[in-house]
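Summary of the model geometry
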Amino acid sequence: MTRRMNTGARSRQAFFPSVIAVAVYVSQSTAFLSPQLSTFNVNHAFSDVTRRSAYRDDFIGGGHSNHNNHNRKNNNNDGNQRRKYPKMLPNGGRITMVGSGPGDPELLTISAYRILTDPGIICIVDRLVSQEILNLISTEDVRVAKKTPGCQHLAQDEIYDWMRESVKSGRHVVRLKIGDPFVFGRGGEEVLWCRQEIGLEPEVIPGVSAAFSAPLLGGIPVTHRGVSNQVVMCTGYGKDNSSPDLIRYHAEQTVVFLMAVGRIEKLMTKLKEDAGYPSNTAVGIVERAGCVGSRTLVGTMENIAELASFHEIVAPSTIVVGEVVRVLIGDDEDPDTFNQGLLIEDGVGAEMESLDEEQMRQFLEPFLQKLAP
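Model, not experiment: these values are computed from the prediction.

Moving on, we get to the overall build of the protein chain. Helix and strand counts for the protein chain stand at 13 helices and eleven strands. Counting over 373 residues, the protein chain shows a buried share of 41%. Across the protein chain, contacts joining residues at least 24 apart in sequence account for 67% of those joining residues at least 6 apart. Carbon and sulfur atoms form 52% of the exposed surface of the protein chain, whose accessible area is close to 21300 Å².

Written as structure tokens, this is what we have:
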């Protein structure tokens, strides 16, 4: 059976998709060429061709040449698209968020080092970033936010004011934060603020998080087969300086606390009373991890707060709770090590530097015998 179709109907079927396609194209082109983003205005705002191209790539998704391809590619995901913000304003203003790691300059990423040694930046720094990192910064325009417990909101508002003013004047703002900016570091909050208040998408350079690096620099692995098979990261200060909810005790669990040394006594009490931790659970505190003057203090949940107060342990410090603390800082030579407490200065093994030649020979003798053929 032959199917016949009216010529007028066929032409209408061909015509209406075309009309819809033209309407969609015109609509998108109109939005694309709005007064703020027209070719004339972009060209006028950016005398530099490289900046002009970067702005189009960031905000528009490739300019005129890629616009149709971009639309076709995302036709099936219209409901899932999110607004795309430029990474640079027409005046050249931009923001880069950089993680400085636990404090040792050797643990900076190459990208972080490259930016910090650029003399043209404005660097806005958290107060706990190490002096060793600060010494690397080439610019003379370094602003340190005095964030202390109880006045974080005022300091954060000051940071936002600095960022807004600097970007408006066309500067490259580097927001330098300790550890990784997105591990209890307000990184996400600051990205959202940049989008909402400035209309910018910051560049992000991750840092080595103190949650994993600081314990190991202090001689404490966060996992060890047969001892710890899970790791929980917590902050010492929740929203509005509240105490976070604590996960229940598990024998093969490591809990790492960041920004908590100022309330360690309260924290240990809550772990014992609310989370079911035995009072003899091993606890370690690593202060100024990887930096000159770093210290590792170990004890138990019963005595660690008193030990920390006696030895005047201060921020930045990382607290590790769990039997994994005993693995590399063993109590095999003195079973009472953790009950009495032990302070190790300048890192595990640093005490060996004080041995004279004869003492070193005696120490190494049993190991040399094992190595002998």
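Moving on from the model shown.
Evaluated as defined, the whole model comprises 17 salt bridges. For Arg164, the salt bridge is made with Glu197, and the minimal N-O distance between the two is 3.8 Å. Here Arg164, found in helix α7 (residues 152-168), pairs with Glu197, found in helix α8 (residues 187-198); they are 33 residues apart in sequence, far enough to count as distant. Through salt bridges with shared partners, a single network forms among Asp126, Arg175, Lys177 and Glu190.

Attention now goes to a nonpolar patch on the surface. Where nonpolar side chains cluster on the molecular surface, the patch consists of Phe184, Phe212, Val231, Met233 and Met259 and spans about 410 Å² of accessible area. Overall, Phe184 belongs to the partly exposed group, its relative accessible area being 35%.

Spatial strand order, β6-β7-β10-β8-β9-β11: six strands in an open sheet with mixed pairing. The open sheet is flanked by β6 (230-235) and β11 (342-345), the only strands paired with a single partner. On average, adjacent strands in this sheet sit at an angle of 15° to one another, irrespective of strand direction. Bridge analysis of β6 against strand β7 (residues 253-258) gives six bridges, and the strand direction is parallel. Note on β7: the bridge partner recorded for Val231 is Thr254. In the packing of helix α9 (residues 210-217) onto the sheet, the strands contacted are β6, β7, β8 (282-287) and β10 (317-321), and the crossing angle to β10 comes to about 85°. The strands touched by helix α10 (residues 264-273) are β7, β8 and β10; relative to β10, the strand with the most contacts, the crossing angle is about 15°.

The next point concerns the confidence of the model for the protein chain. The predicted coordinates should not be examined in detail at positions where pLDDT is low. Taken as a whole, the protein chain shows an average pLDDT of 80; of its residues, 71% reach a score of 70 or greater. The low-confidence segment residues 59-79, where pLDDT is below 50, has 22 contacts with residues more than four positions distant or belonging to other chains.

Counting residues in hydrophobic clusters, the biggest one holds 24 residues, and the most contacted among them are Phe257, Leu267, Met268, Leu271, Ile285, Ile319 and Val321. Only β6, β7, α10, β8, α11 (304-310) and β10 provide two or more residues apiece to this core. Each residue touching Leu267, except ones within four places of it in the same chain, is listed here: Leu246, Phe257, Ala260 and Ile319. Membership of the second largest hydrophobic core comes to 17 residues, among which are Ala211, Val222, Val256 and Val298.

Let's shift gears to the side chain of Thr139. Assignment of secondary structure puts Thr139 in the loop between α6 (131-134) and β3 (142-145). Among the polar contacts made by the side chain of Thr139, one reaches the main-chain carbonyl oxygen of Ile121 at a distance of 2.8 Å. Non-local contacts of Thr139, meaning those with residues more than four positions away in its chain, are made with Asp118, Pro119, Ile121 and Cys123.

For the bond running from Ala315 to Pro316, omega is 0°, close enough to zero to count as cis. Mapping Pro316 onto the fold places it in the loop between α11 and β10. Unusually for a residue other than glycine, Met259 sits at a positive phi of about 55°. Tracing the backbone shows Met259 in the loop between β7 and α10. The backbone phi angle of Arg288 is positive, close to 50°, even though this residue is not glycine. With respect to the helices, strands and loops of the structure, Arg288 is situated in the loop between β8 and β9 (295-300). Exposure remark for Arg288: the relative accessible area of 27% places this residue in the partly exposed category.

Before going further, it helps to examine the packing of aromatic side chains. A complete count under the given rule lists two aromatic pairs for this structure. Note on Tyr160 and Trp193: the rings are 4.3 Å apart at their centroids and 5° apart in plane angle, and the pair reads as stacked. Placement of Tyr160 in helix α7 and of Trp193 in helix α8 is noted, with a sequence separation of 33 residues between them. With a relative accessible area of 10%, Trp193 lands in the buried category. If you follow Arg326 out to its NZ or CZ, it ends over the ring of Phe338, 4.6 Å from the centre.

Further remarks concern α9. Taken together, the buried positions of α9 are occupied by Ala210, Ala211, Ser213, Ala214 and Pro215. Buried positions along α9 lie against β6, β7, β8 and β10. Just downstream of α9, Gly219 is the residue with a positive phi angle, here 90°.

Attention now moves to empty space enclosed by the protein. Inspection of the entire model under this criterion finds one cavity of 30 Å³ or more. As for the largest cavity, its lining consists of Gly236, Ser243, Pro244, Leu246, Arg263, Lys266, Leu267 and Lys270. Of the residues contributing to the lining of the largest cavity, the split by class is three nonpolar, two polar and three charged.

The rules behind each value
- Residues numbered from 1 in each chain as written.
- Predicted model: local features only at pLDDT ≥ 70, side-chain atom pairs only at ≥ 80, totals over all residues.
- Heavy atoms only, no water.
- Helix = DSSP H or I, 4+ residues; strand = E, 2+ residues; numbered from the N terminus.
- Buried < 20%, exposed > 50% of the residue type's maximum accessible area, 1.4 Å probe, protein only.
- Contact = heavy atoms within 4.5 Å.
- Areas by Shrake-Rupley, 256 points an atom, 1.4 Å probe, with all protein chains shown as cover.
- Salt bridge = Lys/Arg side-chain N within 4 Å of Asp/Glu carboxyl O.
- Patch = residues over 30% accessible without salt bridge, like charges linked within 9 Å, V, L, I, M, F, W, Y side chains within 5 Å.
- Pairing = 2+ DSSP bridges.
- Axes fitted to C-alpha atoms, helices over the stretch in contact; angles between N-to-C directions.
- pLDDT = per-residue confidence, 0-100.
- Core = buried A, V, L, I, M, F, W, Y, C linked by side-chain atoms within 4.5 Å.
- Polar contact = N/O pair within 3.5 Å; in protein donor to acceptor, adjacent residues only side chain to side chain.
- Phe/Tyr/Trp six-rings, centres within 6.5 Å; stacked < 30°, edge-to-face > 60°.
- Lys NZ or Arg CZ within 6 Å of the ring centre and 35° of its normal.
- 1 Å grid on protein atoms, 1.4 Å probe; cavity = no way out; pocket = protein on both sides within 12 Å on 5 of 7 lines; lining within 4 Å.
- Points joined across faces, edges and corners; volume = space filled by probe spheres on them.
- Nonpolar A, V, L, I, M, F, W, Y, C, P; charged D, E, K, R; others polar.

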